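Overview (structure and organization)
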Amino acid sequence: MNVYVIPFVHSGEEIFYDPHSHMDERVRPFIALREAIEEAGYTFKVTKDARYLEDPKAILSLCNIYSPVLENIRSYPKELCSLLVTEPPILHPWLYDRKLTEAFNTVFVLFDDYVDNRNYIKFYHHQGRERPIEQVPSFDEKKYLILIQSKLFSDQPQELYSKRAEAAAFFANIPGFDLYGSGWEGNPVWKGHYGRNKLQLLKNYRFHLCYENMEGQRGFITERIFESLFSGCVPVYWGASNIEEVVPKECFIDRREFASNEELHAFLQGV
């Protein structure tokens, strides 16, 4: 019998086989998924649109319900179908339509408030790293601060894109701040697009402005804060309201505790 996986829209089959197909080997959990399926005695297959699947034992979609995927999914028994949701509603609100449970028996979500242990099951965001990198410079040898994120926009409540932009504008005037990612062209401290090894870049900075795409959601914790920790860089975190249930408070700086970027900067300078 076959287990079919529909990859992310902008991904291909390589994420299930090549650990170097994405930065910092972040696809390792998907390789482990394939290996576990094969070890269980099933044939692992990748499908782009879920059309004409032969002898399916299970069908898993990775955030992909674009046409014609969803239409094709509906032609199979609901009990075979699952959906993995990794993006927040400010980016892909259609992934949070509860009518999707008419097509998917199980929806795996990051957001704790969705979890009912029936149709919605909790999962933790995939991480590529198992242990910290080695040979990290001493705190005194490092540059001050870094922000690595593309510049995005949203008019949705709880978005943090605008907070990243405000931080980038403020810290651009502070020596030792560097900015990486697409969309920031024109900012005087923009250093371009980061390479495939994000952690090797982060290790050279004392602090990392580590903002999720949205704030105030229980359980919405992505790879960002762990990339900081694995690289020996102190995360300045803003995102999940219950972050301290997952990461001890002494391991990060909570951006919510500061009324402004000026206040945050004053604190960081004193560390």
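Throughout what follows, the structure given in this document is the object of discussion. (Residues numbered from 1 in each chain as written. Predicted model: local features only at pLDDT ≥ 70, side-chain atom pairs only at ≥ 80, totals over all residues. Heavy atoms only, no water.)

1. Section: the pairing of strand 1 (residues 2-6)
On a regular strand, each side chain points to the face opposite its neighbour's, so the side chains alternate between the two faces of the sheet. Selection criterion: Each residue's exposure class comes from its accessible area (1.4 Å probe, protein chains only) as a fraction of the maximum for that residue type: buried when under 20%, exposed when over 50%, partly exposed otherwise. Secondary structure elements are defined from DSSP: runs of H or I of at least 4 residues count as helices, runs of E of at least 2 residues count as strands, and each element is numbered from the N terminus. Whether two strands pair depends on DSSP finding at least two bridges between them. Here is how to tell: hold the view so the strands point away, follow the path from the first strand over the helix to the second, and if it runs clockwise the crossover is right-handed.
Counting buried positions along strand 1 gives five out of five residues, so the element sits mostly inside the fold. Because side chains alternate across strand 1, one face comprises the buried residues Asn-2, Tyr-4 and Ile-6, and the other comprises Val-3 and Val-5, equally buried. Pairing between strand 1 and strand 2 (residues 43-46): four bridges, direction parallel. Of the residues in strand 2, the one forming a bridge with Asn-2 is Thr-43. Handedness of the crossover is the feature at issue here: the chain leaves strand 1, passes through helix 1 (residues 28-39), returns alongside strand 2, and the resulting connection is right-handed.

2. Details of the side chain of Asp-254
To keep things clear, this is the line we draw: Polar contacts, as used here, are pairs of N or O atoms within 3.5 Å; protein pairs need one atom able to donate a hydrogen and one able to accept it. Residues neighboring in sequence count only if both atoms are side-chain atoms. Any two residues whose heavy atoms approach within 4.5 Å are treated as being in contact.
Structurally, Asp-254 can be placed in strand 11 (residues 253-254). Take Asp-254: its relative accessible area is 5%, and that puts it in the buried class. A distance of 2.7 Å separates a polar atom in the side chain of Asp-254 from a polar atom in the side chain of Arg-256. Not counting chain neighbours up to four residues away, the residues in contact with Asp-254 comprise Tyr-237, Glu-244 and Lys-249.

3. Observations concerning the nonpolar core
Soluble globular proteins tend to bury their nonpolar side chains together. Filter applied, for reference: Residue types Ala, Val, Leu, Ile, Met, Phe, Trp, Tyr and Cys, when buried and joined through side-chain atoms within 4.5 Å, form a set referred to as a nonpolar core.
Grouped together as the largest cluster of nonpolar side chains are 42 residues, with contacts concentrated most on Leu-62, Ile-73, Leu-83 and Phe-104. Counting only elements with at least two residues in this core, the list comes to strand 1, helix 1, strand 3 (56-62), helix 2 (69-73), strand 4 (81-84) and strand 5 (106-109). The biggest single contributor to this core is strand 1, with four residues. Once residues within four sequence positions are removed from consideration, Leu-83 is found in contact with Leu-60, Ser-61, Cys-63, Asn-64, Ile-65, Leu-95, Leu-100, Phe-104, Thr-106, Val-107 and Phe-108.

4. Considering helix 3 (residues 161-171)
The α-helix winds at 3.6 residues per turn, so residues separated by three or four positions along the chain end up facing the same way. Listing the buried residues of helix 3 in full gives Tyr-161, Arg-164, Ala-167, Ala-168, Phe-170 and Phe-171. Where helix 3 is buried, its residues touch strand 7 (143-148), strand 8 (177-180), strand 9 (205-211), helix 5 (224-230) and helix 6 (261-269).

5. Overview of the pattern of salt bridges
To keep it simple, the criterion reads: Each salt bridge in this description consists of a side-chain nitrogen of Lys or Arg and a carboxyl oxygen of Asp or Glu lying within 4 Å of one another.
Applying the stated criterion across every chain yields a total of 15 salt bridges. With its nearest N and O atoms 2.5 Å apart, the salt bridge here joins Asp-178 to Lys-143. Here the residue Asp-178 occupies a position in strand 8, and Lys-143 occupies one in strand 7, the gap between them amounting to 35 residues. For Asp-178, a relative accessible area of 5% puts it in the buried group.

6. As for the sheet that holds strand 11
Stated precisely, the cut-off is as follows: Whenever a helix is involved, its axis is fitted only over the stretch in contact; in every case the axis is a line through C-alpha atoms, and angles between N-to-C directions fall within 0 to 180 degrees.
The strand order across the open sheet formed by five strands is 8-7-9-10-11, and the pairing between neighbours is parallel. Looking at the sheet topology across the chains shown, the edges are occupied by strand 8 and strand 11. Relative to strand 8, strand 7 runs parallel, the two being bridged by four bridges. In the sheet register, Leu-145 faces strand 8, and the bridge partner there is Phe-177. Here helix 6 sits on the sheet in contact with strand 7, strand 9, strand 10 (234-238) and strand 11, set at roughly 150 degrees to strand 9.

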